[in-house]
Amino acid sequence: METNEFSATVHLHAERLRRGALQIVPENGLEQKLMKSEQTGKPLRIKLGLDPTAPDIHLGFAVVLRKLRQFQDLGHQVVIIIGDYTALIGDPSGKSVTRPMLSEEEILANGATYVDQLTRILDRDRTEIRFNSEWLGKLNFAELVRLTSKVTVARILERDDFAKRLAAHQPISLHELLYPLAQAYDSVCIAADVEMGGQDQMFNILAGRDLQEKEGMDAQIGMFMPLLVGLDGVKKMSKSLGNYVAIGDSPDVMFGKLLSISDSMMRDYFVLCTDVPLAEINTLLAEAESGVTNPKVVKSRLAREIIALYHDKPAADAAEAEWNRIHSAGEAPVDMPDVTVPADSAKDGRVWVCKLLIVAGLAKSNGDARRLVEQGGVSLNGAKIADPGAELPLDGLNDAVLRVGARRYVRLHLV
């Protein structure tokens, strides 16, 4: 291959990998690493460290995993570090208090779950799974002291979270100060060329660069991906906040959730969660903004692209058809939960609508049920119920469809 053609290929690979990245440190480091890999024929080692504390993968977490897969598709090796040893410490990044330490049993269980789920996105043949107890657990005290001599206390206390806690006179335990060093030592032990992470991991990843240099190694580059905003449009996607789309969600559930995002969020979801070319994304969004195309049509395309990645194209098309059937034609879904309504729910052959909603699991309390009815979100067999005091004939409820909001349906059965 001619030199110019060689350089052009590396540049194209670098551009593909830069897509969606917030920052690369140093800025020209990615292209230099790729060039060296091409020249030597040696794949890059791409590191992602995970403390196994939340083993369910959603689209936000999939952002970094998809970037790792792009490296793999270009022939590089991904190294996943399951932090079974560092999880005993607990990463203090972004925390205002000391994080609780996990038990060894919790760590092993979560780690095993991660390994199973990662291969839904990553190429298993190009994925090396390592547990950092392999090397951290073997360090004796003298070796630990040698490592700590390479990092100053002043440097560690530059971290925003530590500085804020120090200024607020909040305690910082000595073991927390060792966390960045432990993560940095992971990079030394696996000879990482690139370390992936969110911007909250910048200090730890740059510590890895520093330690590699002090150990006489080529320093890794840091590649930082953005945090995907969740369905609420405010906070990062998180299972604990309930604003997430899990990659294991059914196609119908994924479609409904993705159509609920705001128009302003579509660009980030297209760029970070799909493989649609950037030029095409720009065209789609420009047409939606100008009114040439209905934004719902573009959002449907987004949902189909994402569903096809984690299921397949027929499943994505079927999910769209089902959504349209329910929401455009006003029909009930084919599959919905069955709920039994006990006879003692009724009084004089009639059941209060708020009590029915609670029995059906569609409301948590009488007050919650009243609000749902008053907001116009409750219907029975397609007929809206507007009065929160309404009493419904019990004998008319068998095999009826009760609906709350846009997506919650149940079929009622009498017992």
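On a predicted model such as this, the values are computed, not experimentally measured, just so you know.

Peer 1: Could you give an account of the overall build of the chain, naming the residues involved and the relevant values?
Peer 2: From N to C terminus, the chain includes 18 helices and 13 strands. Dimensions of the chain, computed from the C-alpha atoms along their principal axes, are close to 85 × 55 × 40 Å. For the chain, with 415 residues in total, the buried portion stands at 46%. Taking all contacts inside the chain whose residues are at least 6 apart in sequence as the whole, residues at least 24 apart take part in 70%. Seen as two clouds, the 48 positive and the 57 negative side-chain charges of the chain have centres 2 Å apart.

Peer 1: Lay out the sheet that holds strand S10 (residues 383–384) in plain terms, naming residues and giving numbers.
Peer 2: Hydrogen bonding along the main chain pairs the strands of a sheet, whether they run parallel or antiparallel. Read from one edge to the other, the open sheet built from 5 strands follows the order S7-S13-S12-S9-S10, with strand pairing classed as mixed. In the strand order of this sheet, the two ends are held by strand S7 (338–341) and S10, each with one partner. Sheet topology note: the strand S9 (residues 378–380)/strand S12 (residues 401–404) ladder contains 3 bridges and is antiparallel. Each residue of the ladder has a partner; that of Val 378, found in S12, is Val 404.

Peer 1: Summarise helix H3 (residues 59–73); cite the residues concerned and give the values.
Peer 2: With 15 residues, H3 extends 20 Å between its outermost C-alpha atoms, agreeing within 8% with the 21 Å of an ideal straight helix rising 1.5 Å per residue. Among the 15 residues that make up H3, 13 are buried, leaving the element largely enclosed by the rest of the structure. Residue Gly 75 follows H3 closely and has a positive phi angle near 100°.

Peer 1: I'd like a description of the pairing of strand S6 (residues 221–225), backed by residues and values.
Peer 2: The element S6 is extensively covered by neighbouring structure, given that 5 of its 5 residues are classed as buried. Alternating positions in S6 separate into two faces, Ile 221, Met 223 and Met 225 on one and Gly 222 and Phe 224 on the other, with burial throughout. One ladder, built from 3 bridges, connects strand S1 (residues 23–25) with S6; its direction is antiparallel. Among the inter-strand pairings, Gln 23 is bridged to a residue of S6, identified as Phe 224. Examined bridge by bridge, strand S5 (residues 194–198) and S6 share 5 bridges and lie parallel to one another. Counted as the bridge partner of Gly 197 is Phe 224 from S6. The handedness of the S5 to S6 crossover, carried by helix H11 (residues 202–214), is right-handed.

Peer 1: Quick one: what's the story with the pairing of strand S2 (residues 45–50), residue by residue and with numbers?
Peer 2: In terms of burial, S2 is a largely internal element, 5 of the 6 residues being buried. Across 2 bridges, S2 lies against S5 in parallel orientation. Within the sheet, the bridge partner assigned to Lys 47 lies in S5 and is Glu 195.

Peer 1: I'd like a description of the packing of helix H10 (residues 179–190) against H11, backed by residues and values.
Peer 2: Running from amino to carboxyl end, H10 crosses H11 at an angle of 55°, the nearest separation of the two axes being 8 Å. Considered as vectors, H10 and H11 are oriented oblique to each other. Crossing angle aside, the handedness with which H10 passes H11 is right-handed. Within the contact between the two elements, H10 uses Tyr 179, Pro 180, Leu 181, Gln 183, Ala 184, Tyr 185, Ser 187 and Val 188 and H11 uses Phe 203, Asn 204, Ile 205, Ala 207, Gly 208, Leu 211 and Gln 212. Looking at the contact of H10 with H11, its residues break down into 10 nonpolar, 5 polar and no charged.

Peer 1: Mind laying out the packing of helix H13 (residues 266–273) against helix H14 (residues 278–290), listing which residues take part and the relevant values?
Peer 2: Direction vectors running N to C along H13 and H14 enclose 160°, while the axes themselves pass 11 Å from each other. Considering their axes alone, H13 and H14 lie roughly antiparallel with respect to each other. You can see that H13 and H14 cross each other, and the crossing is right-handed. In this structure, H13 contributes Met 266, Arg 267, Phe 270 and Val 271 to the contact, and H14 contributes Leu 278, Ile 281, Asn 282, Leu 284 and Leu 285. Of the residues in the contact of H13 with H14, the class split is 7 nonpolar, 1 polar and 1 charged.

Peer 1: Please give an account of the nonpolar core that cites residues and values.
Peer 2: Residues Leu 59, Leu 65, Met 196 and Tyr 269 are the most contacted members of the largest nonpolar core, which totals 66 residues. With 8 residues, the top contributor of residues to this core is H3. With residues up to four places along the chain from it excluded, the contact list for Met 196 reads Ile 46, Lys 47, Leu 48, Val 64, Lys 67, Leu 68, Phe 71, Ile 205, Met 223 and Met 225.

Peer 1: Please provide a residue-by-residue account of the packing of aromatic side chains, values included.
Peer 2: Counting across every chain of the model gives 1 aromatic pair. Positioned above the aromatic ring of Tyr 244, the side-chain terminus of Lys 257 is 4.7 Å from the ring centre.

Peer 1: So what's going on with the pattern of salt bridges? Residues and values would help.
Peer 2: Tallied over the full model, the rule gives 19 salt bridges. A salt bridge links Glu 15 to Arg 18, with the nearest nitrogen and oxygen atoms 2.5 Å apart. You can see Glu 15 and its partner Arg 18 sitting in helix H1 (residues 3–18), 3 residues apart, about one turn around the helix. On the basis of relative accessible area, Glu 15 is assigned to the partly exposed category, the value being 40%. On the basis of relative accessibility, which here comes to 25%, the residue Arg 18 falls in the partly exposed class. Between Arg 146 and Glu 215 there is a salt bridge, with the nearest N and O atoms lying 3.1 Å from each other. Of the two residues, Arg 146 is situated in helix H6 (residues 141–148) and Glu 215 in the loop between H11 and S6; the sequence distance between them amounts to 69 residues. By relative accessible area, Arg 146 is classed as partly exposed at 40%. You can call Glu 215 partly exposed: its relative accessible area is 28%. A cluster of three or more residues bridged by salt bridges with shared partners is formed by Arg 45, Glu 128, Arg 130 and Glu 134.

Parameters at a glance
- Residues numbered from 1 in each chain as written.
- Predicted model: local features only at pLDDT ≥ 70, side-chain atom pairs only at ≥ 80, totals over all residues.
- Heavy atoms only, no water.
- Helix = DSSP H or I, 4+ residues; strand = E, 2+ residues; numbered from the N terminus.
- Buried < 20%, exposed > 50% of the residue type's maximum accessible area, 1.4 Å probe, protein only.
- Contact = heavy atoms within 4.5 Å.
- Lys, Arg positive; Asp, Glu negative; His and termini not counted.
- Charge placed at Lys NZ, Arg CZ, Asp CG, Glu CD.
- Pairing = 2+ DSSP bridges.
- Expected span 1.5 Å × (residues − 1).
- Right-handed = clockwise from strand over helix to strand, strands pointing away.
- Axes fitted to C-alpha atoms, helices over the stretch in contact; angles between N-to-C directions.
- Parallel < 35°, antiparallel > 145°, perpendicular 65-115°, else oblique.
- Left-handed = near helix turned anticlockwise from the far one by under 90°.
- Nonpolar A, V, L, I, M, F, W, Y, C, P; charged D, E, K, R; others polar.
- Core = buried A, V, L, I, M, F, W, Y, C linked by side-chain atoms within 4.5 Å.
- Phe/Tyr/Trp six-rings, centres within 6.5 Å; stacked < 30°, edge-to-face > 60°.
- Lys NZ or Arg CZ within 6 Å of the ring centre and 35° of its normal.
- Salt bridge = Lys/Arg side-chain N within 4 Å of Asp/Glu carboxyl O.

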